[in-house]
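# Reading the structure
This is what each chain is made of:
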Amino acid sequence: MLRIAIPNKGRLSEAATDLLRRAGLRAQPRSDRALVAPLGREFQAVFVRAGDIPEFLADGAAELGITGADILAESEQTLDQILDLGFGRCRLVVAVREDSGIERPEDVPPDSRVATSFPSTARRYFDGLGIGIQTASISGAVEIMPHLGVADVIVDLTSTGSTLRVNGLKDVGTIMESTAQLVARPEAMSDEASRRQVEGLVLALESVLRAQEKRYLMANVPRDRLDEVKRIIPGLSGPTIVDVLDGNGWVAAHAVVDADDVYETIADLKAVGAEGILVTPIERLTP
């Protein structure tokens, strides 16, 4: 079995286990405190802190892992990023007090003290700007540090920026955008049998991610309006058209459509006389 290191709590844990479940890999721990659990027939889940996952992979304690791109960047471990999973979206930003007079990262004075949970990433970023900094490694409550005089600047994660604003801070620059990533030890990808397992996992996860943004639409439409129907719902390779028993000039059109387009699509179909329109979610979609 290949071992997959999965966050045991926090913003990534629930989304990671849910994605795996929808891909057909349900973790079945023996208890709430279990650190390992079967994950289908080919994988085993190992539950650890998200921040420890790069080290687990580097040390060979797991072959695969799910963690944030921000954590991977901070770890500086050599791992293969296999698939962007899309959830856990946030930004790692430079933030300062609103009254600081700093409007962009380039304005940060040399030798400023930067409070952050990402000291390596912060140093690399400011080195790239040609600005030497001091770092104060803080594991929590980073936003309060400029007000306590502990730091002039912070580097921290934000999703909406609301926590920064509440604490009298402003975002003056983005260091990186982060989402959850499926990563692997390079050794796991160099072994043919393991690589096939990983490829099968990626195929399953991609099918779930792809389906999230799609809907399956079915509608009864007049046969003599099919040219217009094909324009409205082109689908992946054209709509599937099925004869309706005793339809008297009606056929059933089936197609996959973008979730964001459903409202307009239904209106357009009604305009050409469609009836019995049904829209359903899709669990998995493999082209």
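Relevant structure appears above.
Keep in mind that this is a model prediction, so the values were computed, not measured.

### Describing unusual backbone geometry
A positive phi angle is found at E76, which is not glycine, with a value near 60 degrees. Structurally, E76 can be placed in the loop between α3 (69-75) and β5 (80-84). Taking the relative accessible area as the measure of exposure, E76 reaches 51% and is therefore exposed. Positive phi values are uncommon outside glycine, yet D111 reaches one of about 70 degrees. As for its position among the elements, D111 is in the loop between β6 (90-97) and β7 (112-116).

### Re the pattern of salt bridges
Enumeration over the complete set of coordinates arrives at 16 salt bridges. Across the pair K214 and D258 runs a salt bridge, and its minimum N-O distance is 2.3 Å. Pair noted here: K214 is in strand β12 (residues 214-222) and D258 is in strand β14 (residues 250-258), with a separation of 44 residues, a long-range link. Judged by relative accessible area, which is 33%, D258 ranks as partly exposed. E228 serves as the salt-bridge partner of R225, at 2.5 Å between the closest nitrogen and oxygen. Within this structure, D18, R21 and R22 form a network of salt bridges that share partners.

### Section: the sheet that holds strand β13 (residues 240-243)
What the 4 strands build is an open sheet, ordered β13-β14-β12-β15; its pairing is antiparallel. This sheet does not close on itself; its edge strands, each paired only once, are β13 and β15 (275-281). Strand-to-strand, the axes of this sheet are offset by a mean angle of 20 degrees, without reference to chain direction. Strand direction decides the pairing type here: β12 and β15, joined by 5 bridges, are antiparallel. Pairing of L217 across the sheet is with V279, part of β15.

### A look at the sheet that holds β6
Ordered in space as β8-β7-β9-β6-β10, the 5 strands form an open sheet in which the pairing is mixed. Looking along the sheet, the strands with just one partner apiece sit at the ends: β8 (133-137) and β10 (169-178). Here the strands of the sheet are splayed against their neighbours by 30 degrees on average, with no regard to which way each runs. In the sheet, β7 pairs with strand β9 (residues 153-158) via 3 bridges, with the strands oriented parallel. When the bridges of β9 are listed, A115 appears paired with I154. Across the sheet, helix α4 (residues 119-128) touches β6, β7, β8, β9 and β10, and the angle it forms with β8 is around 165 degrees.

What counts and what doesn't
Residues numbered from 1 in each chain as written. Predicted model: local features only at pLDDT ≥ 70, side-chain atom pairs only at ≥ 80, totals over all residues. Heavy atoms only, no water. Helix = DSSP H or I, 4+ residues; strand = E, 2+ residues; numbered from the N terminus. Buried < 20%, exposed > 50% of the residue type's maximum accessible area, 1.4 Å probe, protein only. Salt bridge = Lys/Arg side-chain N within 4 Å of Asp/Glu carboxyl O. Pairing = 2+ DSSP bridges. Axes fitted to C-alpha atoms, helices over the stretch in contact; angles between N-to-C directions. Contact = heavy atoms within 4.5 Å.

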